[in-house]
Amino acid sequence: MSSRDTLPTDLPQNAGRAATGIAIVLVAQLMLVLDATVVNVALPRIDADLDFGPASLSWILNAYTLAFGGLLLLGGRLGDVFGRLKVFETGLAVFTLGSALGGLAQSPGQLVAARTLQGVGAALAAPGVLALLTTSAPDEAARNRAFALFGAVSSGGASIGLLLGGFLTDVGSWRWTLFINVPIGIAVLVLAPRYVDETARRPGRFDVVGALTATFGAVSLVWALIGTPEHGWTSARTLGGFALGLALLALLARTEVRHPHPMVQPHLVRNRPRVAALAVMALMIGANLSMFFLVVQYVQGVLGFGPMTAGAAFLPFSLGIFAISRVTPQLLPRLGARTMIVTGSAALAVGYAWLSTIGTTDTYFAAVFGPMVIAGLATGLVFMPITATVLAGVEPEHAGSASGLLQTTQQLGSAVGVAAIVSVYAAGAVPGEFVPGLQAAFLTSATFAAAAAVVGAVALPRRAPRPVQIAEEELEAVAVEAA
């Protein structure tokens, strides 16, 4: 039998166009994710150039997180109502504009405002990514591959951001960590309408109360969480932010069960496997934040790495994620989401327990390389089944809301992770020394990962999740337009 005879002959007619569309959407997702960390290694240069001061420097990161995490649910609902491609393009245009303004900033206030604008754009664009991937894929196998790549991009984007940020800062200026988004954003905006199909609009009354309570409730919680390392868990600022956020979310829950077109569909959070997968996502993201926040400082402050070398130090994590993402689509139907999530979470706990042994006399390969490889493989194994579980059985008209819920969980998990880990580190820190406090901080990360394994083992079903449902009329519309 010749090799030609063994090739598949039943590829959908629009497979090439769909693959190009998926690639375009994933490029946009990578840009949105890596922007959370691309400026990390450039912070010292930004401080020296714009004279931020240590107290306000963290707002370069927090402004993006606050706007991104607070507006995600609103972005998801807007996509459901007005069309996900349209809202995706609007958000990407706002993000690209914010990137250009950030690169041109001449004062701390201008840069923080630009980072906030980037976060607003990301919140509008990000919820549409999963929905557009779902409707762009011509069949279930292609959707699983797209989900695997989405997981790889989402989880590996942070470390890629550190690598790219270090390179751009070393060879050019910190401003290029923001300017780099402009040509990429413009290219995606030009190509997306040609290769990505608009989803069916689901007109209905807009839930104004739900939009306000979801947005300001999430903003209040994220604002309280990102301030805990500086102000403490029992400060009036922190407790007041938590109280306001929880009160607004309670009002949101009361509103959503009564509104005919709610911001967050109540049935999305009544599904036990979906809620469990969201909890695992938050715990995994929270665990991984220790590596991005603390290891980048360890390799620069203790090992003497420069910005570019510090970014390159995270390559094992990124390469581990992308390597395992090539096989996760085949593993999911064989092993099921539960086995993959529990195995990956447990392995991540082992990796961070190993990292807790780090010391002042260690080398990169002796103390950091191995745990980073384990963390990359473990994270790549977990993210795809989490995404598939969250989106399993979701109706097409609610795909944007489900995607927004997943990514809101990621942002809240990030905020909780930073707050908890920095607080634990600070409790054991010694003035003038960096390593004291690291053991407790990384053991906290290991605890987060172990908790994720327990949640997965207890709350997830043994069977693999059902594929995401796509309405027949949407598939027909895609086929007609492609023809």
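What you are looking at is a predicted structure, and each value in this text was computed from that prediction instead of being measured. (Residues numbered from 1 in each chain as written. Predicted model: local features only at pLDDT ≥ 70, side-chain atom pairs only at ≥ 80, totals over all residues. Heavy atoms only, no water.)

What follows is about the overall build of the protein chain. Helix and strand counts for the protein chain come out as 24 helices and zero strands. Taking all 483 residues of the protein chain together, the buried fraction comes to 56%. When contacts within the protein chain are restricted to residue pairs at least 6 apart in sequence, those whose partners lie at least 24 apart make up 84%. About 19100 Å² of surface is accessible on the protein chain, with carbon and sulfur atoms providing 66% of the total. (Helix = DSSP H or I, 4+ residues; strand = E, 2+ residues; numbered from the N terminus. Buried < 20%, exposed > 50% of the residue type's maximum accessible area, 1.4 Å probe, protein only. Contact = heavy atoms within 4.5 Å. Areas by Shrake-Rupley, 256 points an atom, 1.4 Å probe, with all protein chains shown as cover.)

Here helix α14 (residues 236-256) contains 21 residues, and its C-alpha end-to-end distance of 30 Å stays within 8% of the 30 Å for a straight helix at 1.5 Å per residue. Buried-residue contacts for α14 involve α5 (59-82), α12 (208-226) and α13 (228-231). (Expected span 1.5 Å × (residues − 1).)

What follows concerns a nonpolar patch on the surface. Together, I186, V190, L191 and Y195 line one region of the surface with nonpolar side chains, adding up to about 310 Å² of accessible area. Among the secondary structure elements, Y195 is positioned in helix α11 (residues 181-195). (Patch = residues over 30% accessible without salt bridge, like charges linked within 9 Å, V, L, I, M, F, W, Y side chains within 5 Å. Salt bridge = Lys/Arg side-chain N within 4 Å of Asp/Glu carboxyl O.)

Given a rise of 1.5 Å per residue, 22 residues ought to cover 32 Å, and the 32 Å separating the end C-alpha atoms of helix α23 (residues 438-459) matches this to within 8%. Every buried residue belonging to α23 is among L438, A441, F442, T444, S445, A446, F448, A449, A452, A453, G456 and A459, and all of these are buried.

For the coordinates displayed, the defined rule picks out eight aromatic pairs. With a centroid separation of 6.4 Å and 15° between ring planes, the pair formed by W233 and F242 is classed as stacked. Considering the side-chain rings of F305 and Y364, the 6.0 Å spacing of their centres and the 50° angle between planes classify their relative orientation as tilted. Pair noted here: F305 is in the loop between α15 (272-301) and α16 (307-312) and Y364 is in helix α20 (residues 364-367), with a separation of 59 residues, a long-range link. Judged by its relative accessible area of 11%, Y364 falls in the buried class. Members of the aromatic cluster, each reached through a chain of ring pairs, are F305, Y364, F365 and F369. (Phe/Tyr/Trp six-rings, centres within 6.5 Å; stacked < 30°, edge-to-face > 60°.)

Under the definition given, this model contains three salt bridges. For D35, the salt bridge is made with R115, and the minimal N-O distance between the two is 2.8 Å. You can see D35 sitting in the loop between α2 (15-34) and α3 (43-50) and its partner R115 sitting in helix α7 (residues 108-125), a full 80 residues away along the chain.

Ranked by size, the top nonpolar core spans 103 residues in total, and within it F88, L133, V295, F314, Y352, I386 and L438 carry the most contacts. Here this core gets 16 residues from one element, more than from any other, and that element is α15. In this structure, L438 is in contact with L294, Y298, I358 and Y425, ignoring residues within four places of it in sequence. Residues V39, L43, F52 and L178 belong to the second largest nonpolar core, which totals 15 residues. (Core = buried A, V, L, I, M, F, W, Y, C linked by side-chain atoms within 4.5 Å.)

Predicted confidence across the protein chain gives a mean pLDDT of 81, with 88% of residues reaching 70 or more. Ignoring residues within four places in sequence, the model shows residues 1-11, a span with pLDDT below 50, making one contact including any to other chains. Ignoring residues within four places in sequence, the model shows residues 465-483, a span with pLDDT below 50, making 37 contacts including any to other chains. (pLDDT = per-residue confidence, 0-100.)

Below, the discussion takes up the environment of A429. Its place among the elements puts A429 in the loop between α22 (399-428) and α23. The exposure class assigned to A429 is partly exposed, which follows from its relative accessible area of 32%. For the pair A429 and A440, spaced 11 residues apart in sequence, the C-alpha to C-alpha distance is 9.9 Å. Setting aside anything within four residues of it in sequence, one finds A429 in contact with P436 and G437.

Quick look at the environment of F314 now. Take F314: it is sitting in the loop between α16 and α17 (315-325). Assessed through its relative accessible area of 1%, F314 is described here as buried. With 154 residues separating them along the chain, F314 and I160 place their C-alpha atoms 7.7 Å apart. The contacts of F314, once residues within four sequence positions are left out, are S159, L162, M291, F292, V295, V296 and M372.

What follows covers the side chain of T228. By secondary structure assignment, the location of T228 is in helix α13. Here T228 is in contact with W233, T238, A419 and S423, once residues within four sequence places are set aside.

Between two packed helices, what matters for the description is the angle formed by their axes and the separation of those axes. Taken N-terminus to C-terminus, the directions of α15 and helix α21 (residues 369-391) make an angle of 155°; their axes are 10 Å apart at the nearest point. Relative to α21, the element α15 lies roughly antiparallel. Here α15 and α21 pass one another in a crossing that is left-handed. Of the residues in α21, those touching α15 at P273, R274, A277, L278, V280, M281, M284, I285, N288, M291 and V295 are M372, A375, A378, T379, V382, F383, I386, T389 and V390. Of the residues contributing to the contact of α15 with α21, the split by class is 16 nonpolar, three polar and one charged. (Axes fitted to C-alpha atoms, helices over the stretch in contact; angles between N-to-C directions. Parallel < 35°, antiparallel > 145°, perpendicular 65-115°, else oblique. Left-handed = near helix turned anticlockwise from the far one by under 90°. Nonpolar A, V, L, I, M, F, W, Y, C, P; charged D, E, K, R; others polar.)

Running from amino to carboxyl end, α15 crosses helix α19 (residues 337-355) at an angle of 25°, the nearest separation of the two axes being 11 Å. One way to sum up the angle between α15 and α19 is to call them roughly parallel. Relative to α19, α15 is oriented so that their crossing is left-handed. Every residue of α19 that contacts α15 at V280, M284, A287, N288, S290, M291 and V295 is listed here: I341, S345, L348, Y352 and L355. A breakdown of the residues in the contact of α15 with α19 according to their chemical character gives nine nonpolar, three polar and no charged.

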